[in-house]
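# Tertiary structure, described
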Amino acid sequence: MEAKELLDSLDVGILAMAPDWTIAEWSAAAARITALPADRVLGQSIWIAFPAAKGTELERVFGDVLADGRPRTFLAPAGAPEAPGTVLETRVTRGVGDHLAVAFRPVHEELAPESRAAQLLSALEAERRLYLQLFSSLPTPALVLTPDGQILDTNSEGAKLLGGRDAAALRGRALAEWAPASQQGMLAAALRHAVTRRQDVALSFEFAGEPAREVRAVVVNVDPVRAAPKLLFLALDVSREMLLQQRLLQADRLSQLGALVSGVAHELNNPLAAIAAFGEALALDPHQADLEESAEVIRSEAMRAGRIVQTLLDFARQRPRIQTAVDLGEIAERVLALQRSALKKARIRTTVSVPNDVPAVAGDPQELQQVMLNAVVNARQAIEGTGRPGQITIAGRLSDHHVLVTVDDTGPGVPPEILDRVFEPFFSTKPEHGTGLGLAISFGLVRGMGGRMWMQNVEGGGARLSFELPVDAGSPDATARAAGRPAAQRLSLLVVEDEEAVRRAMALLAKRLGHEVTTVGRFAEATARLAQPGARYDALLVDVHLDEAHTGFDLFDHLRTEGQGLEQRIVFTTGDSISTQTRDALERADRPVLRKPFSLDDLREMLERVTAG
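Residues numbered from 1 in each chain as written. Predicted model: local features only at pLDDT ≥ 70, side-chain atom pairs only at ≥ 80, totals over all residues. Heavy atoms only, no water.

One side chain can pair with another of opposite charge once the charged atoms of both are near each other. Going through the model one piece at a time under the given rule, you end up with 14 salt bridges. For glutamate 384, the salt bridge identified is with arginine 380, shortest N-O distance 3.2 Å. On the criterion of helical spacing, the pair formed by glutamate 384 and arginine 380 is a turn pair, its members being four residues apart in helix α11 (residues 365-384). Exposure remark for glutamate 384: the relative accessible area of 37% places this residue in the partly exposed category. The class of arginine 380 is buried, set by a relative accessible area of 12%. One salt bridge connects lysine 596 with glutamate 497, and the closest N-O pair in it is separated by 2.7 Å. Of the two residues, lysine 596 sits in the loop between β22 (593-595) and α18 (600-612) while glutamate 497 sits in the loop between β18 (492-496) and α14 (500-512), which places them 99 residues apart along the sequence. Residue glutamate 497 is classed as buried on the basis of its relative accessible area of 0%. (Salt bridge = Lys/Arg side-chain N within 4 Å of Asp/Glu carboxyl O. Helix = DSSP H or I, 4+ residues; strand = E, 2+ residues; numbered from the N terminus. Buried < 20%, exposed > 50% of the residue type's maximum accessible area, 1.4 Å probe, protein only.)

Right, dumping it as structure tokens:
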């Protein structure tokens, strides 16, 4: 019979320990007694088999037998979670080449219950079970370490923190394996100092296929009376907490941005409204043909600036989700206007291809703007990463009662192995710049509007983000109604606007449309005008903010109290952001809003709509 077969046939567990304290041989009985198969212990530290014995009598016995060669026998708990409640009679003998032969067998059941040894071992086992229960049930990661950082034991949360399957897979390994090189010296120093004094450490843990985990830990010596201390490493994974703090900081900055933009919107949009109106009037003046080009530039740039302010307001403002018809081409142009400077700096050309026959989609304009903005920003960053000029193409087409939108870029594309993960929350290919939330949020927004979104690489390089949204069911009806409206007629208008330049500009545009216009600047002037005998106005253009004491809603309430129905002829105008209070007041009034700056066509369409009924 071969020696290996002979060892495996014994009821006594046999192991051979090499001079470097790793397990060189492991018998079948050893595997049966400890519930540790040979493939999990061979070549590993001896403490993978006896984790609870590190720094105890067993370690001293190993050292003594190696030193003097005299065999020794003693009783000790197995100490492995795989063999709870097991007490071993262990004999250690020095063999050839400074190898130690360790023979052990369970003896707990063989001791007489009334013996002193049995009572002591029972008490020891009770304490050990309590320790294991407490250690295993901790809701936070906990590891038991040697002062040099070797892992003696870990609970299930600790194994998860380090990406291990279970505690057995981690025993005997060095904790520094998971720390970046720049932090290993700090970790080693903290563990050394923890022998005599509690240490608080903050470090990162890294392992393949997962983002780094930020950890804050307390390290204390839980066995200070022994020569070989044991350190308890209690950890808290603060990665999500830090990410939440970053999100809260970004939300706070966004809130501040919203407040800032809201504060300056009125100051910007009112002069922009005047500039746009006078520029458009100048461009239409046949006696100023030589100034037509300059006037058109003034008008178009004022309108573009107004759209940018409105886009910022829409993005920053919190409001309930709405469902309406949305022109995707307009959304694309607004997003590109916001990104114009960044795209120019990155040497990126843009193309929007949304034909006129592509119908409006049913969705939320602000949410669709966020989806489009995320897509364009991701495409821009992908191209910037190449260091070369590039192209972003936004296209839309009708596809089986849906509108298909694609955003193509000429960047490096998405690695195939992560293509199916790009919509996962917190997954990012650019951790220093990205949050891993943009595409995940966009995916949810599109799905919430009844659509779907996917990502693919395009032939020849680059990536394509595609999403489908349902066609707005009311679009054909709305077109039909628009086609059946009566022709524009001469109207009598009252403009109530506190800023003189804007008041003059509105009057100028209205007169261009052939209407008769009366203008006033304050609440009292408006009520006096409306109270004059024979006063008749087809529509009232009323600014939301009139003077220090009154708003446009005060005029609306005043007219409603009179009971003559004039309040139903009001069109509110505003260059301000719409706060919660203003939005509620507009909903109660149920009147249309003309946002500044507006064009001649905007004013024509609004007046036709208001007076059509």
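What follows covers the sheet that holds β18. With parallel pairing, the five strands of this open sheet are ordered in space as β19-β18-β20-β21-β22. At either margin of the open sheet sits one strand with a lone partner, and together these are β19 (516-520) and β22. For this sheet, the mean angle separating the axes of adjacent strands, direction not counted, is 20 degrees. As paired elements, strand β21 (residues 570-574) and β22 share three bridges and run parallel to each other. (Pairing = 2+ DSSP bridges. Axes fitted to C-alpha atoms, helices over the stretch in contact; angles between N-to-C directions.)

Another point: the packing of helix α15 (residues 523-531) against helix α16 (residues 552-562). As a packed pair, α15 and α16 sit with axes 10 Å apart at the nearest point and diverge in direction by 25 degrees. One way to sum up the angle between α15 and α16 is to call them roughly parallel. In the packing of α15 onto α16, the handedness of the crossing is right-handed. On α16, the residues that touch Phe523, Ala526, Thr527 and Leu530 of α15 are Asp554, Leu555, His558 and Leu559. (Parallel < 35°, antiparallel > 145°, perpendicular 65-115°, else oblique. Left-handed = near helix turned anticlockwise from the far one by under 90°. Contact = heavy atoms within 4.5 Å.)

Overall, the coordinates contain five aromatic pairs when judged by the stated rule. With 6.3 Å between their ring centres and 45 degrees between their planes, tryptophan 26 and phenylalanine 104 make a pair best called tilted. With a gap of 78 residues between them, tryptophan 26 in strand β2 (residues 23-26) and phenylalanine 104 in strand β5 (residues 100-106) connect regions that are remote in the sequence. Side by side, tryptophan 26 and phenylalanine 104 carry an identical accessibility label, which is buried. Ring centres of phenylalanine 205 and phenylalanine 233 lie 6.4 Å apart, and the angle between their planes is 35 degrees; on these two criteria the pair is classed as tilted. Within this pair, whereas phenylalanine 205 is found in strand β8 (residues 199-205), its partner phenylalanine 233 is found in strand β10 (residues 231-237), the two being separated by 28 residues in sequence. Per residue, the accessibility class of phenylalanine 205 equals that of phenylalanine 233, and both read buried. Ring-pair connections join several aromatic residues into one group, and the members of that group are Phe553, Phe556 and Phe572. (Phe/Tyr/Trp six-rings, centres within 6.5 Å; stacked < 30°, edge-to-face > 60°.)

Turning our eyes to something else, we now look at empty space enclosed by the protein. As enumerated under the stated definition, the model contains two cavities of 30 Å³ or more in all. The calculated volume of the largest cavity comes to roughly 40 Å³. If you trace the largest cavity, you find it lined by Ala273, Ala274, Ala277, Val502, Ala505, Met506, Leu509 and Phe598. Counting residues per element, the ones that place at least two in the lining of the largest cavity are α8 (239-284) and α14. A per-element tally of the lining of the largest cavity places α14 first, with four residues. Classifying every residue of the lining of the largest cavity gives eight nonpolar, no polar and no charged. (1 Å grid on protein atoms, 1.4 Å probe; cavity = no way out; pocket = protein on both sides within 12 Å on 5 of 7 lines; lining within 4 Å. Points joined across faces, edges and corners; volume = space filled by probe spheres on them. Nonpolar A, V, L, I, M, F, W, Y, C, P; charged D, E, K, R; others polar.)

Taken together, the buried positions of α16 are Gly552, Phe553, Leu555, Phe556 and Leu559. Axial view of α16: buried residues confined to an arc of 155 degrees, hence all on one face. The backbone nitrogen of phenylalanine 553 has a side-chain oxygen 3.2 Å away, supplied by the residue at the start of α16, namely threonine 551. Once α16 finishes, glycine 563 follows within two positions and takes phi at roughly 75 degrees, a positive value. (Arc of directions from axis to C-beta. Polar contact = N/O pair within 3.5 Å; in protein donor to acceptor, adjacent residues only side chain to side chain.)

A word on the pairing of β19. Inspection of the sheet shows β18 paired to β19 by five bridges, in the parallel sense. The partner of valine 495 across the bridge, within β19, is threonine 519. Regarding topology, α14 serves as the crossover connection from β18 to the parallel β19, and that connection is right-handed. (Right-handed = clockwise from strand over helix to strand, strands pointing away.)

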